[in-house]
Structure formats: C-alpha cells, structure tokens
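So the chains spell out like this:
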There are 2 protein chains.
Amino acid sequence: MQEQSALATHDPGSLVVGVDVGGTKIAAGVVDAQGQVHGRVQLPTTASQPEETLNTIIAAITSAIQTAGVSFAAIRGVGLGIPGKVDVEQGISLLAVNLGWRDVSVKSHLETALGLPCNVENDVNAAAMGEYLYGVGQGTSNLVYLILGTGVAARIMIAGQIYRGSNGLAGEIGHAQFAVDGPQCRCGGKGCLEALAAGPALAQRAQETVRSGAPSSLRAVLAQHPKLTAEQVCEAARQGDQLARQIITAAGQHVAHAIYLLALTYDPQVIVLGGGLAQVEILMETIQTDVARKAEQSPIFREIYHKQLVRLTGLKQDAGILGAAALIAAHDRCRQ
Amino acid sequence: MQEQSALATHDPGSLVVGVDVGGTKIAAGVVDAQGQVHGRVQLPTTASQPEETLNTIIAAITSAIQTAGVSFAAIRGVGLGIPGKVDVEQGISLLAVNLGWRDVSVKSHLETALGLPCNVENDVNAAAMGEYLYGVGQGTSNLVYLILGTGVAARIMIAGQIYRGSNGLAGEIGHAQFAVDGPQCRCGGKGCLEALAAGPALAQRAQETVRSGAPSSLRAVLAQHPKLTAEQVCEAARQGDQLARQIITAAGQHVAHAIYLLALTYDPQVIVLGGGLAQVEILMETIQTDVARKAEQSPIFREIYHKQLVRLTGLKQDAGILGAAALIAAHDRCRQ
C-alpha cells in the first residue's frame, strides 16, 4: 500500500521518517515539522529471521522517502517504534516476542545501511512522544498517555522527555491490584487493572458470564467461535447487548479510577487515551462520566480536573508513524 | 538556644544558610557541602505581624552565621522552608495559616535586608530536596518523599528537581479515596488516605472506638483530656495497648498501599518516609511488612521493590534546616 501526497514547500531539514514496527505490518512515512505524514508505506512483517525483517524495514523507509518525493539528503533521521523491551541508548531490541527478536542491534544495522541517524524506542513510549509532539498533548509541559488495548499501561512525558523511572517501570498502573482476589493477570498477579479492563479481560469476562447462563446476543457468537474476542464484545455492546454493556461499563469504572490515581500522583495537564479500546465509545463515555463524578466528590481532584483532562488520542491511524517520528523530532528540539 | 560547632577548613564558597520557618519556632543553621549543620539557632515565632516574624528570621540568620564563626561574605545564599502555599519564582508566601501570612514578599524583603540571594519553598518540598541532597536520597536520580504527620502527602524529586505537576498538586495521594464511604477528610472528601492514616485520623479513630466501649488504656487518658492526640495513641501502642496497636496497624496498611501505588506510578529508587508518624516504630514495621508482602504477590511490583526501597528519613531534627539549605545548594549544583 503506497500513498502519494504533496510535499511542496517544506523545509527539507525538518523532515524525519517514522517507522511503526509491528508483528504483522511495518508502516513508514515521511513526517514534516507540522506533523503531516507523506509517502505512507505499509509492508507485511516477515517474522522468520531478524535480518529479513530489518531488510523489510529498510525497504519501507526507502520506499516512503521515494513516495514522498524527497531525497535522502533531506531526511534528518529515522525513528522506530518497536514492541517489547528496548535499550534506547544502544538502540537494541532486547526482546520483541511478536517479531521473534532478542538482542537485535536495530540502530547500528540501519545506520550502516541507510547512512542516517536512527533512534529506537518501545512503541508505547513512542506513541506518548507522538501525542506530546503532534497530538492532543501539543503545547503541554507534561502528559500521561494511557494505552488501553491488549494491555493497560501509562507512559509519562515531563518537560518533553519520557519519564521512565528507575527500572523503566514508571506508569505500570496496569499491574496495580484494583480487586482483591480478582481475576488472574498475565503478569502473575491477581486483580490487576489489566486483568479487569484490558481487551482479553473483557472477552474472558463475557465468555464466562455467557457460559454461566446469562442472556446475551454473544451466546450465538460463542456458538460459532471457540473463544470470544474483545472486538466481538464491543460490537455486541454497540448493538445494545446489555451484558456486553455492563462488562464494558465495569471496565470503564476501573480505568476511571486509574485516571484519578494518575491525576493525583502526576497532576498532568492532559491524560491521553490510546489503544484499540479507547476507540470504543461506550467505554470512553463511562470513563468521562466516572472521572467527572470523582471530581465532584473530591475537592483536591477537582483542582486538577478540567473538561479536557481526559482526551482521546488525536493521531488515530498515523499514531505509530508519528510516535516514531517524534523520536528524532523531539530529540532535535531538545538540542536547540 | 545556640550551639557552637567547629567550622574549620571548609571552603567558604560552599556554605549556605537553611531556615526552617514554623508556626512556633524559627530554626536556622549554616550548612557546609558535606551537609553538616553549624551554629544552630532557634528563636520563637512571633505570629503578630509578618514584618515582626521577618525580623526574627533575619535575627536567626545573622545569629547562626555569627555562631558558626563565619563571615557574611562566606555565605552563598539563604534557603527558607515555609509552610503553606509559596510562589517559588517570586519568593512570596501566598498563604501560611500558622504564621498568619498572606502574600508576604519574603525573598525581596530578606534579600534587601541581608544582601544575600534567598530562595523560598514550601517546607515539605524543601524536606524532599533535603533528603535528595543530604539524606537517604543522596546519589539517587529520583525519589519519593512521603510525609506522615498531621497531613499525608508525597513530594517527588526527578533529576535533582521537584516535580510539581500542572497545578502544584503532584503527589497528592493523601487525598486519593482509599475507603468508599470512609471518614470525612478535612479536604472535603471522604475516605481519603489522610482521613485514614494521618495523626488526627489516628486520634479520632481511637477516641471514637474508646467511647463506643472498646477496652483500652486510652480510656483513662480520655477521662483526663477532652480529646485524644496522635501522640497519646502512639504512646499507648508502644506500651502494648491492643486497640492503639490495631488502629496504627490499619493506618500502616493504608500507607503501604499508597507506597505500592507510588512505586507503580513513579518507579522511584527510594521512598523516604518523614514527618512525626514516621518515627513511630509499630507504624514503620507494619508498612515494611505490608510492602514486602505486596512485592511477594505482585511480580511487577517485585521488579521495583528492594529491601531499601522504603526508608526512614535520615535527617531527623535537622531536616528543616537541611531541606531549606538544599534550596540554595541544589540550585547551585544544577547551574554547574
């Protein structure tokens, strides 16, 4: 998939390439100083050998630059968002299960091949930087980015930089226990926020409740599939299924509580919600209603709360590319 | 009260004065680069007119410099920790109820009178900086300072600076709701951590329970006083009173939960406990035991947890002076 877009009068020095490296696809694009994406390219990920995937990444970058109609000389650098654990200093992917990567020297490999400076970062961290630089976090001095998807995690931007904490675990509120003796979490804990509100949790809750005999349109879906998915639960809720709505509402209340705790600890200007679940309207409505209710009840939280405190990501389908581009663009801004 | 101490071979350029401005006393001292306090001076606070209190502060500073046996020329600056709301940029005490202050231009008044640079800061923020520069936070790049006293609040140091948040409310976990329909908090909320674990909360819980007929040595104390104090409850617990111990243990569990949340959000190298209640052994033991238990149950928290994660303040009686001194000393380090 390639897309041609006009890149006429932009200052060549302000162009960067953002690459979103995922388990199924690699998306690349040339990003200008205004956060516009040019020459979007998407290639399937070949998860056989790391070298092969790296070559696909190089092909995507090269193709994006060509499609955007600019020269290599006009590109200041390449940012790459990669799932899993990343050594940012060395530019090494320490572990990316979906890519089958362990200790892959992404930065040095790409810099040698392309002759361009490359920055590598965990994809969720990159998304937080993207929101800060190009999204609804523009102009803020601090923000919390809360991803709601197959996992739940917060990332924190302070004064233009990701705050990582001592062990890279700052913002791991997804693994705070929100329900004593609650459902098992994939981390090994019990009743973690993630085990209550992430996609797989919604699916499992719905499945268990349907199997226990509760009436729901999901019964028919489950009859045709071995397992329910979060997408199916969200679709049923959209269609008005009461059980699905209840499950999503309960998850939203847990997320609202997390937002309240993040607000009281970080006092951010904005909390941006990203990830697949953030696009589910019923969930967002529950979160907004519940956060507003908490502000009514708590005078201190009320001082932090405002109607634009909790916002949906503004980056949508380009979030991955823009987040990755921010790794170079933000770095340059800090050096100025 | 004055104290003479040797100040022999210190580099004069490394000396600062720290002033702890409290509702009942003003403590000042000359602090060297090693965090040693010289020429401690303590004067009673005269809470009549701000001008009078400012003159007492000037007298305390002058006396501390004289007592330490150094010249004004050897002092690089004066730091002042003041309770309540402070405009750090302008050096104005916006509101200090215990001092009877509102919009007092502390910095400009003192700089004119002394001819020395003065920095002003909220006293709890100053204490956090003191821990970072001179206390158990030395050598860390981030720490959380949790004060347990008449209030409960966290202050956060990141890369040598206080992280304040957008409204100066970062770390206000004392006003997170830890018990639905819990006791009324002075903030206007219900069931806040502070309403469950601060000094006045312990006193009130003990008083209510004794009045409801529970057996306790505090019954005799309450017969002689109109109200119980946190000190009386802590003393009874030390003497083995079961009710007092139960109340303090319950408070400790709430504090442990706050530490767990602060750890999962900030991932700090150390969480330093200060304030009067931090000196209560039974409380500290409960906190340490409960935090360790949480680490056993949660694999993610276990990655953050270590045996020195939660530490008692190392500054003790000099905390106020050293915290205030850090306002100048830390500032100078940042400029280097």
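Along every chain, residues carry numbers that run from 1 in the direction the sequence is written. Chains and ligands are labelled sequentially in the order written, the chains with letters from A and the ligands with numbers from 1. Whole-chain, interface and lining totals are the exception, using all residues; otherwise, since this is a predicted model, local features are given only for residues with pLDDT of at least 70 and side-chain atom pairs are given and counted only at 80 or more. Each side-chain value is worked out from all heavy atoms of the structure, with water and hydrogens disregarded.

Draft legend 1. Looking closely at the interface of chain B and chain A. Contacts between residues were defined by any pair of non-hydrogen atoms, one from each residue, lying within 4.5 Å. On the side of chain A, 36 residues touch chain B, which itself brings 36 residues to the contact. Note on chain B versus chain A: buried area summed over both sides is about 2,800 Å², and carbon and sulfur give 57% of it. Summed over both partners, the accessible area (1.4 Å probe) lost when two parts come together is defined as the buried area. Among the residues chain B hides against chain A, the three largest losses belong to Leu169, Thr265 and Asp267 of chain B. Together they make up 20% of the total. Each salt bridge in this description consists of a side-chain nitrogen of Lys or Arg and a carboxyl oxygen of Asp or Glu lying within 4 Å of one another. Here chain B and chain A share 0 salt bridges between them.

Draft legend 2. Region of the structure containing helix 3 (residues 123-133) of chain B. All names here are of chain B. Burial analysis of helix 3 places 10 of its 11 residues in the buried class, which makes it a mostly covered element. Working definition: with a 1.4 Å probe on protein chains only, accessible area under 20% of the residue-type maximum means buried, over 50% means exposed, and in between means partly exposed. A run of H or I in DSSP counts as a helix once it spans at least four residues, and a run of E counts as a strand once it spans at least two, with each numbered from the N terminus. Every buried residue belonging to helix 3 is among Val124, Asn125, Ala126, Ala127, Ala128, Met129, Gly130, Glu131, Tyr132 and Leu133, and all of these are buried. In protein, a polar contact requires one atom able to donate a hydrogen and another able to accept it; more generally it is a pair of N or O atoms within 3.5 Å, and residues adjacent in sequence count only if both atoms are side-chain atoms. The opening residue of helix 3 is Asn122, an N-cap whose side-chain oxygen sits 2.9 Å from the backbone nitrogen of Val124.

Draft legend 3. Quick peek at the packing of aromatic side chains. Ring pairs are drawn from Phe, Tyr and Trp, using the six-membered ring of Trp, whenever the two centres fall within 6.5 Å, and their geometry is named by plane angle: stacked under 30 degrees, edge-to-face over 60, tilted for the rest. This model, assessed by the stated rule, comprises 7 aromatic pairs over all chains. Each ring, one from Phe301 of chain A and one from Tyr305 of chain A, has its centre 6.0 Å from the other, and the planes form 50°; the classification is tilted. The exposure class of Tyr305 of chain A is buried, given its relative accessible area of 19%. In this structure an aromatic cluster arises from ring pairing among Tyr163 and Tyr266 of chain A together with Tyr163 and Tyr266 of chain B. One Lys or Arg, Lys294 of chain A, reaches over the ring of Tyr260 of chain A and ends 4.9 Å from the middle of that ring. Think of it as a cone above the ring: NZ of Lys or CZ of Arg counts as a charge over the ring if it is within 6 Å of the ring centre and within 35 degrees of the ring normal.

Draft legend 4. Molecular detail of the relation of the copies chain B and chain A. When chain B is fitted to chain A, the residual RMSD is 0.0 Å, and the transformation amounts to a turn of 180° plus an axial shift of 0.0 Å. Taken together, the rotation angle and the small translation identify this as a two-fold axis. Among all residues of chain B, the minimum C-alpha distance to the rotation axis is found for Thr265 of chain B, at 3.8 Å. Here 100% of the interface residues in chain B have copies in chain A that are interface residues too; the copies meet face to matching face. Our superposition of the copies is a least-squares fit, built on the C-alpha atoms of residues whose pLDDT is at least 70 in both.

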